Amino acid sequence: MPSQQPTENHLNPIIIVGAGHSGVAVAAGLRTRGWDGDILLLEAEKETPYERPPLSKELLKAGAPDESTVLRKEKFYQDKRIGRRAGLAVDAIDPAGRTVQLSDGSRLGYHRLVIATGSRARSLTVPGARLPGVQALRTRDDALELKLALVPGARVAIIGAGYIGLEVAAAASAKGCGVTVLEFQDRVMSRVTSEPVSRFFEQLHEQNGVRFVFGAAVTAIEGVDRAERVVTADGTSYPADVVLAGIGVVPNQELAADAGLLCQDGILVDGHGRTSVPDIYATGDVTRFTSTIDGTSQRLECIQNAMAQADQVAADITGQDAAETEIPWFWTVQHGVRLQTAGVRRADDEVIVRGAPADGKFSVVYLRDGCLAAVDTIAGLADFRPAKKLIAQKARIDPLLAADPGTPLTAAVFAAA
Amino acid sequence: MSNNKLTVIDREGSTHDLEWEPDQTLMEALRDNDLPVLASCGGTASCATCHVFLEKEVFDTLAERSEDELELLAEAEGYQECGSRLSCQLDFSQDLDGVTVTLAPEE
């Protein structure tokens, strides 16, 4: 890899705010791409930067160790001369003076600034939402708190049937808790998948003892010293020892917005991770950008995007070309069954079920204007890689062939594409 | 345990000699030594972006691939029935000292 020769004042480090997937990947990517100058990674949480996906999966399992999976081992940061200051928040950015102000009052100059502050769990706003026993799941501390509460016989009310809510429902039922999932929509994971997949996972959860209440509008959490029940708009009370809110995330953009960076439900960035202010980049969950696939404005909450944008930033800073961006992809595991999705589906896509859900293993193909837009794979990954390729190619798909699980997806492409 | 020696042939055909540390999976050893392995799923056998080829004699000594790993690999470019592995699924083992791995093509 070519090495970037300092041509200007490099006394100041590249400062990265946030040591999640994307922030750490920027630091690593800068070194891989030959950046020799100082790199400083700032993180409000104290521990070694860790992976978030396992927090709602492996970590909650009975007997699983409390240690979280680290993104990179401590030695890596030393070997790569990546400076870290943990336990300090960044309070403000001064773009004109090219400095950041830290929560301990100190000020640091930057050569380039990378905002990788991620997202936070959306808070419940109903009365009682702040009672002890009500929590979200985003950090390792959240996960460990929840893990302690998930004891046999505990009554667990989960608000929201998205990935997080359902992963926790699976972990809690496996531990012998009584689990009720309250969802405003009429099916699980309605934002991210189609009805056949929702129904499959509802059945899977019900077979494992999870109870669903759809059309449930939560109006209050009640209790004297701590949460005792969840109340919905129709007046029903659901007794609960633990209440978990899994109602989405919001981008941590305030730091950027306060400094005058353009934000719109996410910090706006271009295809190089550049914000509206020179020498300030943003990457990962906190950003909003225009999809290169279909031109829509999007904010993606996934590792694929965290990694791709990190590469764009590291490439831009070092004056190199970024790697080709992977098709966005997502996964969840519930009761040991993996749902893995390539591409971003829309509600008006044509839905083709490939295989029989009753067999416990199938795929669902989403076509937009006849072209492959997304694929869900359930309990099998055979369609996943071909799907990623075909989505990138905007391949025209024969719906009849795609419906036959015996025909490889690549063979369902219309010849005259 | 001492480190393993590892020889890597990259996608341009260049050879790299690395140290493979006992607490690293093969994917981590590659990634942490700046080889271009995307490993976008972080090592959970989900994405197949850490695909490598092993020599058949080495491959044959390893435990069977899981169903997920096999399904991902079977659709990968250049798939070798007796050589393809996801490097994230290979833990350090002293039996693997001195092996040569080849990075599979990017897709």
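Residues numbered from 1 in each chain as written. Chains lettered and ligands numbered in written order. Predicted model: local features only at pLDDT ≥ 70, side-chain atom pairs only at ≥ 80, totals over all residues. Heavy atoms only, no water.

1. Notes on the overall build of chain B
In step 1: Across its full length, chain B carries three helices and five strands.
In step 2: Tracing chain B from N to C terminus, the helices and strands come up as β-β-α-β-α-α-β-β.
In step 3: Taking 107 residues into account, the globule formula puts the C-alpha radius of gyration at 13 Å, and chain B, at 12 Å, falls close to it.
In step 4: Referenced to the eigenvectors of the C-alpha coordinate spread, the extents of chain B come out at roughly 35 × 30 × 25 Å.
In step 5: Expressed as a percentage of its 107 residues, the buried residues of chain B come to 48%.
In step 6: Of all intrachain contacts in chain B linking residues separated by at least 6 positions in sequence, the fraction that spans at least 24 positions is 62%.
In step 7: Carbon and sulfur atoms provide 44% of the accessible area of chain B, an area that totals close to 4900 Å². (Helix = DSSP H or I, 4+ residues; strand = E, 2+ residues; numbered from the N terminus. Rg over C-alpha atoms; globule rule 2.2 N^0.38 Å. Buried < 20%, exposed > 50% of the residue type's maximum accessible area, 1.4 Å probe, protein only. Contact = heavy atoms within 4.5 Å. Areas by Shrake-Rupley, 256 points an atom, 1.4 Å probe, with all protein chains shown as cover.)

2. Quick look at the domain arrangement of chain A
A common way to state how big an interface is: give the accessible area lost once the parts meet.
Residues and elements named next belong to chain A.
In step 1: Split into domains, chain A comes out as domain 1 (14–119 + 250–317), domain 2 (134–247) and domain 3 (345–412).
In step 2: Contact with domain 3 buries area across many residues of domain 2, yet Ser194, Pro196 and Phe200 alone supply 57% of it, more than any other trio.
In step 3: Counting across the domain 2 and domain 3 interface gives zero salt bridges.
In step 4: In this assembly, domain 2 and domain 3 are joined by five residue pairs in polar contact (both at pLDDT 80 or more). (Domains from an automatic or database assignment. Buried area = accessible area lost by both parts, 1.4 Å probe. Salt bridge = Lys/Arg side-chain N within 4 Å of Asp/Glu carboxyl O. Polar contact = N/O pair within 3.5 Å; in protein donor to acceptor, adjacent residues only side chain to side chain.)

3. Here we look at unusual backbone geometry
Residue and element names in this part refer to chain B.
In step 1: Of note, the phi angle at aspartate 34 is positive, near 70°, even though the residue is not glycine.
In step 2: Along the chain, aspartate 34 falls in the loop between helix H1 (26–32) and strand S3 (51–54).
In step 3: With a phi close to 55°, alanine 45 is a non-glycine residue in the positive phi region.
In step 4: Note that alanine 45 resides in the loop between H1 and S3.

4. A few points about the pairing of strand S2 (residues 39–43) of chain A
All names here are of chain A.
In step 1: Among the five residues of S2, five are classified as buried, and the element is accordingly described as predominantly covered.
In step 2: What you see with S2 is no split at all: Ile39, Leu41 and Glu43 on one side and Leu40 and Leu42 on the other are buried throughout.
In step 3: Bridge analysis of strand S1 (residues 14–17) against S2 gives four bridges, and the strand direction is parallel. Residue pairing in the sheet places isoleucine 16 in a bridge with leucine 41 of S2.
In step 4: Note on the crossover from S1 through helix H1 (residues 21–32) to S2: the handedness is right-handed.
In step 5: In this sheet, strand S3 (residues 82–86) lies alongside S2 in parallel orientation, the contact comprising five bridges. Considered in S3, the bridge of glutamate 43 is made with alanine 86.
In step 6: Between the parallel elements S2 and S3, the chain passes through helix H2 (residues 74–79) in a crossover that is right-handed. (Pairing = 2+ DSSP bridges. Right-handed = clockwise from strand over helix to strand, strands pointing away.)

5. Digging into the side chain of threonine 99 of chain A
All names here are of chain A.
In step 1: Structurally, threonine 99 is set in strand S5 (residues 99–102).
In step 2: Reaching out from threonine 99, the side chain makes a polar contact with the side chain of arginine 107 at a distance of 3.2 Å.
In step 3: Filtering out sequence-adjacent residues up to four positions away, threonine 99 remains in contact with Ala92, Ile93, Asp94, Arg107, Leu108, Gly109 and Tyr110.

6. As for the pattern of salt bridges
Pairing between side chains of opposite charge can happen when their charged atoms approach one another.
In step 1: Tallied over the full model, the rule gives 40 salt bridges over all chains.
In step 2: In this structure, lysine 80 of chain A engages aspartate 34 of chain B in a salt bridge whose closest nitrogen and oxygen atoms are separated by 2.9 Å. Here lysine 80 of chain A is found in the loop between H2 and S3, whereas its partner aspartate 34 of chain B is found in the loop between H1 and S3 on a different chain.
In step 3: A relative accessible area of 14% means that lysine 80 of chain A is categorised as buried.
In step 4: The exposure class assigned to aspartate 34 of chain B is partly exposed, which follows from its relative accessible area of 25%.
In step 5: Linking aspartate 241 of chain A and arginine 155 of chain A is a salt bridge whose minimum nitrogen-to-oxygen distance equals 3.0 Å. Of this pair, aspartate 241 of chain A sits in the loop between strand S15 (237–239) and strand S16 (242–245) while arginine 155 of chain A sits in strand S10 (residues 155–159), placing them 86 residues apart in sequence.
In step 6: Note on arginine 155 of chain A: relative accessible area 39%, which makes it partly exposed.

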